[in-house]
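Each chain, written out:
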Amino acid sequence: MTISSTLRELFTPFRPARAGRAASFVAVGLLAAAAFGGAGAAGCNEAEPAAGQGTDDVIAASVLSPAEVFGAKIAAHPLFGQLSQRSGAEVSTIVQRAASRPEAHTLATLATLRNCQQAFVAATCMPAMLDAGLLTDALKADRAQALQIAADVGLKGASLETVGAAFRVAEWTKSGPGGSNPLAGVIAGATFVGEPDWACDGDCREQLGNELGGARAGYHASLSRSSSAGGAGGSGAGGSGGSGDGLDFEEVQGWIEVAKSIIELIDELVWDTGEKEKECLSDSDCPSSEYCHKIGENDCRADRNEGALCSRGTQCEGNCCKPHISTFFAPSCRPASACN
């Protein structure tokens, strides 16, 4: 059994654009547009934009505002702090496993995890998950609390887009975006075998906070949508392509997606940087239509389009970077008028 397309959608909007990697933000816009269209078909009347207000802002306010309400309820729920603390410890475990082992070992595990998203075979995939840092009892506890939170705040039966956005709002509310998210320090402060010069600050921490926070939000969202019938057959992990450990299929794949995202981040930021000469040290070292990508090789890159994740305005075509509902409240590039 492969990872479901709906489950993947809980995670894909959270991955910032990278040179050589297809940007996910067009997909975010299309995903939001699909949600807006669906809501309209259900009887919601789209408002006309007021002077100085973009159509996307009107649609976001009229259709996705429930995500803000749900997100605030999730963040205030007494179990959410426990869930975030435990899943943060799970992220730390995955990082520490990768940091303490040779690069080749962890990349081999990553390759297996990718295969497990295409076809989950317990005999192969469970050992890889355990090797990467799976804590089975913690995952089961995560599931129970995520399901309870979703039930208590009224998320059961909500659309995929609303669930994903709500947990994203809760993540930013509780932990903060970018470098302010404590998860950023999990990789930034790690010591990696064979990488004595590894250091991470500024843009690096911003990227870590956005990506890890987004991945955790996607993980929580996937848990809240699990069948809670782990090992019961069907799409459960004990059924077709299941783990046999009483884990629901969606939560197993949600955990794999998080672990894969973390290892890919480490590969990008720690192992794949090489000893390249730095092209720039600040944005002023680059042409006016470019910014200094201060991670790894420090190279000048074209300003990002509207909707791409960002950490500062100089990365954006409109010189404006601020949270927006179209990217589930992550800081993203906006038109210049949005910052005026």
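Shown above is the structure to which this text applies.
**Here's the deal with the nonpolar core**
Alright, step 1. Ile 187 and Trp 255 are the most contacted members of the largest nonpolar core, which has 60 residues in total.
Alright, step 2. Per element, the largest residue contribution to this core is 13 residues, and it comes from helix H12 (residues 249-271).
Alright, step 3. When neighbours within four sequence positions are excluded, Ile 187 is seen to be in contact with Val 95, Phe 192, Trp 198, Leu 208, Leu 212, Ile 262, Leu 265 and Ile 266.
Alright, step 4. If you look at the next biggest cluster of nonpolar residues, it comprises six residues, including Trp 172, Ile 325, Phe 329 and Ala 330.

**Observations regarding the state of the cysteines**
Alright, step 1. What the rule picks out here adds up to seven disulfides.
Alright, step 2. Through a disulfide, Cys 286 is tied to Cys 300; the S-S separation comes to 2.1 Å. Measuring the twist about the S-S bond at about -85°, one finds the Cys 286-Cys 300 disulfide to be left-handed. Within this pair, whereas Cys 286 is found in the loop between H12 and strand S1 (290-293), its partner Cys 300 is found in strand S2 (residues 299-302), the two being separated by 14 residues in sequence.

**Observations concerning unusual backbone geometry**
Alright, step 1. Its identity is not glycine, yet Asn 319 carries a phi of approximately 55°, on the positive side.
Alright, step 2. With respect to the helices and strands, the residue Asn 319 is situated in the loop between S2 and strand S3 (321-323).
Alright, step 3. The exposure class of Asn 319 is partly exposed, given its relative accessible area of 49%.

**Digging into the packing of helix H5 (residues 78-99) against helix H11 (residues 203-224)**
Alright, step 1. At a closest axis distance of 11 Å, the pairing of H5 and H11 adopts a crossing angle of 120°. In terms of their interaxial angle, H5 and H11 are classed as oblique. Considering the relative orientation of H5 and H11, their crossing is right-handed. From H5, Phe 80, Leu 83, Ser 84, Ser 87, Gly 88 and Glu 90 reach across to H11, where they touch Arg 216, Tyr 219 and His 220.
Alright, step 2. In the contact of H5 with H11, the residues fall into three nonpolar, four polar and two charged.

**Notes on helix H7 (residues 122-132)**
What sets the pattern is the α-helix's 3.6 residues per turn: residues three or four places apart point alike.
Alright, step 1. Within H7, burial applies to Cys 125, Met 126, Ala 128, Met 129 and Ala 132. Looking straight down H7, one finds its buried side chains confined to an arc of 165°; they lie on one side.
Alright, step 2. Following H7 by one or two positions, Gly 133 has its phi on the positive side, about 125°.

**Structural notes on H11**
Alright, step 1. For H11, which comprises 22 residues, the first-to-last C-alpha distance of 32 Å matches the rise-based estimate of 32 Å (1.5 Å per residue) to within 8%.
Alright, step 2. Burial within H11 is extensive, with 20 of its 22 residues counted as buried.

Thresholds, definitions, all that
- Residues numbered from 1 in each chain as written.
- Predicted model: local features only at pLDDT ≥ 70, side-chain atom pairs only at ≥ 80, totals over all residues.
- Heavy atoms only, no water.
- Core = buried A, V, L, I, M, F, W, Y, C linked by side-chain atoms within 4.5 Å.
- Buried < 20%, exposed > 50% of the residue type's maximum accessible area, 1.4 Å probe, protein only.
- Helix = DSSP H or I, 4+ residues; strand = E, 2+ residues; numbered from the N terminus.
- Contact = heavy atoms within 4.5 Å.
- Disulfide = S-S within 2.5 Å.
- Axes fitted to C-alpha atoms, helices over the stretch in contact; angles between N-to-C directions.
- Parallel < 35°, antiparallel > 145°, perpendicular 65-115°, else oblique.
- Left-handed = near helix turned anticlockwise from the far one by under 90°.
- Nonpolar A, V, L, I, M, F, W, Y, C, P; charged D, E, K, R; others polar.
- Arc of directions from axis to C-beta.
- Expected span 1.5 Å × (residues − 1).

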